[in-house]
Amino acid sequence: MMNKSLQLIASKSLPALSGESLTYNAAKNVFLTLGYTSAANNTYFKAIRFSNRLAVYYDIGQGYARTFLNGITLFCWNGKKAHIIAQKFWGGANWVDFSEYFAKQQSILMLKDFLAGQLKMQGAHVSEQEILAFSRNMIEETQRKQLA
């Protein structure tokens, strides 16, 4: 069973997590939105992972021969709702095959860049290695099983 407070936060903050079209894939430890199929016969959907502090949305497309990553959006919680803190998109001539490793590494780097910017605005000095380690830990929290 999902942590009740986490479930409440998620349903209030992330509309995709409150709809009936959401499913949980236990093998991949990810929530999946209902996909739609384009005129080119590609199916597009979001794969979502979250913790009590962060949500990671992968925009994924599935064609006849491969699965590709169209983008990643990172959200943080402000206690009441989620706010986008980073986004990165691929597509057109720059599309990439989806891999868990690549998506995780990109998410870590996106979070690191966001945190480095926040620290700079506050005049704080933290080593890049510390920011990277903290970012890795936060992204890995989203990958831990949320269901018993």
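Before reading further, recall that the structure is shown in the block above.
Everything numeric in this text was worked out from a predicted model, so none of it was measured.

Analysis parameters
Residues numbered from 1 in each chain as written. Predicted model: local features only at pLDDT ≥ 70, side-chain atom pairs only at ≥ 80, totals over all residues. Heavy atoms only, no water. Buried < 20%, exposed > 50% of the residue type's maximum accessible area, 1.4 Å probe, protein only. Helix = DSSP H or I, 4+ residues; strand = E, 2+ residues; numbered from the N terminus. Pairing = 2+ DSSP bridges. Core = buried A, V, L, I, M, F, W, Y, C linked by side-chain atoms within 4.5 Å. Contact = heavy atoms within 4.5 Å. Expected span 1.5 Å × (residues − 1).

Burial within strand S4 (residues 43-50) is extensive, with six of its eight residues counted as buried. Alignment of strand S2 (residues 30-32) against S4, held across two bridges, turns out to be antiparallel. Counterpart to Phe31 in the pairing with S4 is Ile48. Of the strand pairs in this sheet, strand S3 (residues 36-37) and S4 are connected by two bridges, and their pairing is antiparallel. The residue bridging Thr37 from the neighbouring strand is Thr43, located in S4.

Turning our attention to the nonpolar core. In this structure, Tyr58, Leu69, Ile72, Leu74, Leu111 and Ile139 are the most contacted members of the largest nonpolar core, which totals 23 residues. Among the elements of the structure, S4, strand S5 (54-62), strand S6 (67-77), strand S7 (82-89), helix H2 (100-121) and helix H3 (128-143) are those that each provide at least two residues to this core. Residue contributions to this core peak at five residues, all from H2. With near-sequence residues (within four places) excluded, Leu111 lies in contact with Leu54, Leu74, Ile85, Ser135, Met138 and Ile139. One finds Phe31, Ile48, Phe75 and Trp77 within the second-largest nonpolar core, a separate group that totals nine residues.

Here the focus is H2. Helix length check: H2 (22 residues) gives 32 Å between terminal C-alpha atoms against 32 Å at 1.5 Å per residue, within 8%. Gly123, located one to two residues past H2, shows a positive phi value of around 75°.

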